[in-house]
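Chain by chain, the residues:
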Amino acid sequence: MPPTLLKKRLRRKHHRQHARRLRHARRHRPRHQDEQVFVIEPPAQPPKPKPKPKPPPKLPPPPDTTHRNAERLLWRAGFGPRPGDVDHVVSVGIDAAVHEFVYPTGTANLIGPEPRDEDGNALAPEDAWGHDHLWWLDRMVRSDQPLAERMTLIFHDWFATSNDKVGSQRMMLDQNATIRANALGSFKDLLTALTQDPAMLVWLDGIENRAGDVNENYGREVMELFTLGADRGAYTEQDVRELARALSGFDADWVDGSGWQNFRYVPRRHDSGSKTVFGQTGNFDWQDALRLLLENLYHASFFVTKLWGYFIPTPPDGATQAALQKLYVDSGYGIAPVVEAILKHPDLYADRALVKPPVVFNAGLLRMLGRGIDTSAWSWLGDMAGQHLFLPPNVSGWDDSTWLDTSTWRGRSMMVTYALEPKHVDPWNGPDYDPAEDAVTAVSRALVFTGGPTLSTETRNTLASFAGSCLPGAMASWQQSPYRAMRQNALRHLILTSSDWQAS
Amino acid sequence: MRNAAAEAGRGLPSVEPGMPTPAGTGLSRRSFLERSAGMALAVYGANRLGLGALREGVAAAASGAPQRVLVSIFLPGGCDGMSVLAPVGDTRYAQLRPTLAIPPSTGTPFAPDARLRWSDPAGGLSTLHGEGKVTVFPAIGYDHPDQSHFTSRHFWEVGATDAHARYGWLGRYLDAAGADDNPLQGLSLDSDLSPALAPARVPVAAVERPEDFDFWVPGVDDPVKEPMLEAFGDLGRLATSDPVKAGARKVATEVDTVRRQLAPFATPDGNPSYNSPVTYPDSDFARRLAALGAMLAAGLPLHCVTINSDGGFDTHSGQADSLPGDVKGTCDAVLTFQRDLEARGLADRVLVVLWSEFGRRPENGSGTDHGAAGTAFVIGAKSSGQMIGEFPGLATLDDDDNLRATSDFRAMYCSLLEQWLGFDSAAVIPGASSFDRPTLVKS
């Protein structure tokens, strides 16, 4: 069986096991269906009415603009707010907060409990299927330098490399460390490091590219996807072939049982003849090739447009585009100054929402809940929602314009299910839920539970009308508390799957 | 959308005798409706909303005459056509492919052109071709071929050599000819939507497996669960001026509709509630085709369906190790799907188109680089079984040493639209009048 299929099958099996486990739990939850309701005895002790039901407060006013802008920054530059984060950004202001994001001091700290699987075991990110995904998701949840993780995610998408072909989680994690080390540094250093990165050399056949048997894979994609862009007139098919010759010379040894080893540059594998790239002729090698790419007049605009697109859904105006390109070139291909300018730009705070990538959505759920990685479910849930780290669909990365469809929406809903499961209000066991809670209080409590997110007026109103109509008109006294517990669980789920939470 | 579905429900002669029977399924429309109702009740319990909600979903499934179905199967990565139909009789073939050439002693003959042979892994297609059920494009592509996966695939997906087109060719067709309230008219049986189906206007859906489309929310059961599921749709139907949020909300409404439509395909435990009259190979791709056969047999209103084949066809290296298995997996599953349709009496209603974004370079190392013309196949009982365009031979390649195209993918699309879907291709494919109309469908 090809390894891809085997992995898919394992994943499916894993998913099925989890689904079965959940369904088992579901089936064994008491009093589950209407027909049973009528045969099951009411509780021996009817729930005691609360002595003094609180008067129903009004829905709290929606958060103000400062609060909403802080939320916006925390989602776009990181992975959403932890409790207290929004207040911090509000108190220091956007510019100071951006500076903290872009220029953090010292090395990153991971705050909170170490990641574990559902059996309490430490992760094995280099070995166990899906644990690479969990390992990185944990950094997204716990790092006190979230922008470094977000930029690493952006460049994982930009230089999309898939373990589907690389076949080594260790090599993928090494590449991940390389990206992280350069993610806010110089794009030239990043490109140089990734061109000779073992995972990349396997992924785009750099080690298959040698004098006399040129493999164009990296030569093409480095132009089309990494530095210049297709269909802009930046290069010709002839440039692809000539650049591929310049890039030739890398090698590695295949060792049965341990895979690719001993990555190196072998001068005699390099095509040392003369090449003509972008109209310039010379005996170019791979470093010359990268220089030619960065000096190409189409590079700076490609870099700025692509980077901007990760943060803001509408293109920059001409003046902004030009200023950012200048900033980029003048700083010697500096990534941080451009990111800083984008994060401070008014367009980032405009009305237009961005759909959160699935792992950002997932990390944000856990940050909001103050929960660490305590189950391996997040890896196959990432699959269902359309994003499994280290397994982008192809070399152009994930398509940010198509995150949501009926299938991936359901995957996100499952993520919410798994995120809320440990803290859900059990309608039948545990302490009685407030049997007198009115609809408005129910919505207010669900909003507090979900971190007080900014929701649109129409969404808030629809939640309130759901809360007011979802319970039967007449309820027996023993139904008052459990049905309200169900309503509270449903409201939390509806908030976190709403378009306002999925896209902001 | 809710209103539209309710309208359709009112127009439905719900479980009256004498409704047309989906041919060969052994399951009349009436018994399907009854069975659906029974299962959905088992799923949701006899609460005050379950039955009404169910009726909307089934309404859409059962109203109107069954439509023809086009199934688009994509081989991602650029499948090496010369490993499917091997030009063993071309003198340059063995020269250009010292290690990857398929030996002339293997495979089966290809009657329309003695230079070509079906490779062994493509045996499934060879069998169907022998029965006159495969129309073959031995060298399909377009002028000025683009060798980027993404650009070339995009061209095929949008049905135009336009890098900036936003909607898929099937999405545009559905925008023009489809319904406002039926997401299943355009269905990707995949974890996400195929760009070929991307519409500007009408709803479409992506579902990996029909039996999986359930929602479990901890601590939410009857009587709150059904209203909560309805609220997914209510929240989706809210108006907003932000196009991104509007897009997210539209998906929520589609989730709401698809959930109702697919409820009959799962047992309460989330297992498939359907069977196949034939035995499919053991693969994800084959399982999805099996599910498709069952959905068609049940009368769900599918019209344009996309599926990606398993396997990676971007064989720059190690082609001999991976490609034969991937070709065989695809071709065997397609053969089984055809047998499934025949057993269910649905074969006259379904046409499959099998394509890849380009072929691969004739010259090779341990693998092959991106090429130009590739192969495509139109498969089904109603397929004309002809060869469209000739194999151009390896003696004269294009300027980039790639196979020259002798047919255009847009001509194939125009013919599929006109001859199979009965729709004017000029409204869908830019420059439609400039392309041939190869005969793809038996008259």
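Residues numbered from 1 in each chain as written. Chains lettered and ligands numbered in written order. Predicted model: local features only at pLDDT ≥ 70, side-chain atom pairs only at ≥ 80, totals over all residues. Heavy atoms only, no water.

Undergrad: Requested: an account of the overall build of chain B, with residues and values cited.
TA: Along the backbone of chain B there are 12 helices and 13 strands. Counting across all 443 residues of chain B, residues that qualify as buried make up 62%. Considering only contacts in chain B between residues 6 or more positions apart, those separated by 24 or more positions represent 71%. (Helix = DSSP H or I, 4+ residues; strand = E, 2+ residues; numbered from the N terminus. Buried < 20%, exposed > 50% of the residue type's maximum accessible area, 1.4 Å probe, protein only. Contact = heavy atoms within 4.5 Å.)

Undergrad: Got a sec to walk through the confidence of the model for chain A? Specific residues and values, please.
TA: All names here are of chain A. With 88% of its residues at a pLDDT of at least 70, chain A reaches an overall mean of 90. Here residues 1-51 is modelled with pLDDT under 50, and outside its nearest four sequence neighbours on either side it reaches 74 contacts, counting other chains as well. Here residues 53-57 scores under 50 on pLDDT; set against residues more than four positions off or in separate chains, the count is six contacts. (pLDDT = per-residue confidence, 0-100.)

Undergrad: Talk me through the interface of chain A and chain B; I want residue IDs and the actual numbers.
TA: For an interface, size is often stated in terms of accessible area lost upon the parts coming together. Of the residues lining the interface, 75 residues belong to chain A; the matching set on chain B comes to 75 residues. Of the roughly 6,200 Å² buried where chain A meets chain B, counting both sides, 54% is carbon and sulfur surface. With a closest N to O distance of 3.2 Å, B:K245 and A:D500 form a salt bridge. Where chain A touches chain B, the interface holds 18 residue pairs in polar contact (both at pLDDT 80 or more). (Buried area = accessible area lost by both parts, 1.4 Å probe. Salt bridge = Lys/Arg side-chain N within 4 Å of Asp/Glu carboxyl O. Polar contact = N/O pair within 3.5 Å; in protein donor to acceptor, adjacent residues only side chain to side chain.)

Undergrad: Just give me the short version of the sheet that holds strand β4 (residues 117-118) of chain B, but keep the residues and values in it.
TA: Strand pairing in a sheet is mediated by backbone hydrogen bonds. Such pairs are either parallel or antiparallel. All names here are of chain B. Read across the sheet, three strands follow the order β2-β4-β3 without closing on themselves; strand pairing throughout is antiparallel. At either margin of the open sheet sits one strand with a lone partner, and together these are β2 (85-86) and β3 (108-109). Of the strand pairs in this sheet, β2 and β4 are connected by two bridges, and their pairing is antiparallel. Counterpart to L85 in the pairing with β4 is W118. (Pairing = 2+ DSSP bridges.)

Undergrad: An account of empty space enclosed by the protein is needed here, citing residue identities and associated values.
TA: Where empty space is left becomes clear once a probe the size of a water molecule has been rolled over the atoms. Residues and elements named next belong to chain B. Tallied over the full model, the rule gives 11 cavities of 30 Å³ or more. In this model, the second largest cavity occupies a volume close to 80 Å³. Lining of the second largest cavity is provided by L75, C79, V84, L125, V327, T330, C331, L354, W355, S356, T375 and F377. The element that contributes the greatest number of residues to the lining of the second largest cavity is helix α11 (residues 319-344), accounting for three residues. Looking at side-chain class alone, the lining of the second largest cavity contains nine nonpolar, three polar and no charged residues. (1 Å grid on protein atoms, 1.4 Å probe; cavity = no way out; pocket = protein on both sides within 12 Å on 5 of 7 lines; lining within 4 Å. Points joined across faces, edges and corners; volume = space filled by probe spheres on them. Nonpolar A, V, L, I, M, F, W, Y, C, P; charged D, E, K, R; others polar.)

Undergrad: Please give an account of the sheet that holds strand β5 (residues 134-141) of chain B that cites residues and values.
TA: Residues and elements named next belong to chain B. Pairing is mixed across the open sheet formed by eight strands, whose spatial order is β7-β6-β8-β1-β9-β12-β5-β13. A single partner strand is all that each edge strand has here, and the edge strands are β7 (205-206) and β13 (407-408). Two elements, β5 and strand β12 (residues 374-379), share five bridges in a ladder whose sense is antiparallel. Directly across from V134, in β12, lies its bridge partner I379.

Undergrad: An account of the packing of helix α3 (residues 65-77) of chain A against helix α5 (residues 94-102) of chain A is requested, with residue identities and associated values reported.
TA: The relative placement of two packed helices comes down to the angle between their axes together with the axis-to-axis distance. Residues and elements named next belong to chain A. Two numbers describe how α3 lies on α5: the axes approach to 11 Å, and their chain directions differ by 15°. With respect to α5, the element α3 is oriented roughly parallel. In the packing of α3 onto α5, the handedness of the crossing is right-handed. On the side of α3, the interface is formed by N69, A70, L73, L74 and A77, while α5 contributes I94, A97, V98 and F101. Of the residues in the contact of α3 with α5, the class split is eight nonpolar, one polar and no charged. (Axes fitted to C-alpha atoms, helices over the stretch in contact; angles between N-to-C directions. Parallel < 35°, antiparallel > 145°, perpendicular 65-115°, else oblique. Left-handed = near helix turned anticlockwise from the far one by under 90°.)

Undergrad: For the environment of B:T257, give the residues involved together with the corresponding values.
TA: Residues and elements named next belong to chain B. Among the secondary structure elements, T257 is positioned in helix α9 (residues 243-262). Taking the relative accessible area as the measure of exposure, T257 reaches 12% and is therefore buried. Along the sequence, T257 and G186 sit 71 residues apart, while their C-alpha atoms lie 13 Å from each other.

Undergrad: Run through the side chain of A:T417, naming residues and quoting values.
TA: Note that A:T417 resides in helix α20 (residues 406-420). Taking relative accessible area as the criterion, A:T417 reaches 1% and is therefore assigned buried. In this structure A:T417 touches A:H493, B:W216, B:V217 and B:P218, once residues within four positions along its chain are discounted.

Undergrad: Would you mind going over the side chain of A:N209 in detail, with residue names and values included?
TA: Residues and elements named next belong to chain A. Note that N209 resides in the loop between α11 (198-203) and α12 (217-227). On the basis of relative accessibility, which here comes to 4%, the residue N209 falls in the buried class. Excluding residues that lie within four positions of it along the chain, N209 makes contacts with V214, N215, A244, L247, S248, G249, F250 and R269.

Undergrad: Please provide a residue-by-residue account of the pairing of β12(B), values included.
TA: Residues and elements named next belong to chain B. Burial analysis of β12 places six of its six residues in the buried class, the great majority of the element. For strand β9 (residues 350-355) and β12, the ladder comprises three bridges, and the chain directions are antiparallel. Within β12, the residue paired with L354 across the bridge is F377.

Undergrad: Let's hear about the environment of A:P63: which residues, and what values?
TA: All names here are of chain A. Summarising the element assignment, P63 is placed in the loop between α2 (34-37) and α3. Owing to a relative accessible area of 24%, P63 belongs among the partly exposed residues under this scheme. Separated by 389 residues in sequence, P63 and G452 have C-alpha atoms that sit 7.8 Å apart. If we ignore the near neighbours within four places in the chain, the residues touching P63 are G452, P453 and T454.

Undergrad: Hey, could you go over the confidence of the model for chain B for me, with residue numbers and the actual values?
TA: All names here are of chain B. The share of residues in chain B with pLDDT of 70 or more is 86%, and the mean pLDDT across the chain is 85. The low-confidence segment residues 1-58 (pLDDT under 50) makes 93 contacts with residues lying over four places distant or belonging to another chain. For this predicted complex, the interface confidence comes out at an ipTM of 0.87, alongside a pTM of 0.77.

Undergrad: Tell me what's going on with the pairing of strand β2 (residues 259-265) of chain A, and back it up with residues and numbers.
TA: Residues and elements named next belong to chain A. Summarising the sheet, strand β1 (residues 250-255) and β2 pair through five bridges and their orientation is antiparallel. Note that in β2 the partner of F250 across the bridge is Y265. With antiparallel pairing between neighbouring strands as the criterion, β1 and β2 make up a hairpin whose turn holds three residues, including G257 at a positive phi of roughly 95°.

Undergrad: Tell me about the packing of aromatic side chains, and name the residues and values.
TA: Residues and elements named next belong to chain A. Applying the stated criterion across every chain, the model contains 37 aromatic pairs over all chains. Pairing F159 with F226 gives two aromatic rings, centres 4.7 Å apart and planes at 45°, and the pair type is tilted. With F159 in the loop between α7 (146-158) and α8 (163-166) and F226 in helix α12, the pair connects residues that are 67 residues apart, well separated along the chain. Residues F159 and F226 agree in their burial class; the two are buried. Ring centres of F303 and Y328 lie 3.9 Å apart, and the angle between their planes is 10°; this geometry places the pair in the stacked category. Residue F303 is found in helix α15 (residues 299-311), and its partner Y328 is found in helix α16 (residues 318-330); the two are separated by 25 residues along the sequence. A single burial state applies to F303 and to Y328, both of which are buried. Pairwise contacts between aromatic rings join F155, W158, F159, F187, Y218, F226, F302, F303, Y310, Y328 and Y333 into one cluster. Above the face of the W75 ring, K356 is positioned so that its terminal group lies 3.6 Å from the ring centre. (Phe/Tyr/Trp six-rings, centres within 6.5 Å; stacked < 30°, edge-to-face > 60°. Lys NZ or Arg CZ within 6 Å of the ring centre and 35° of its normal.)

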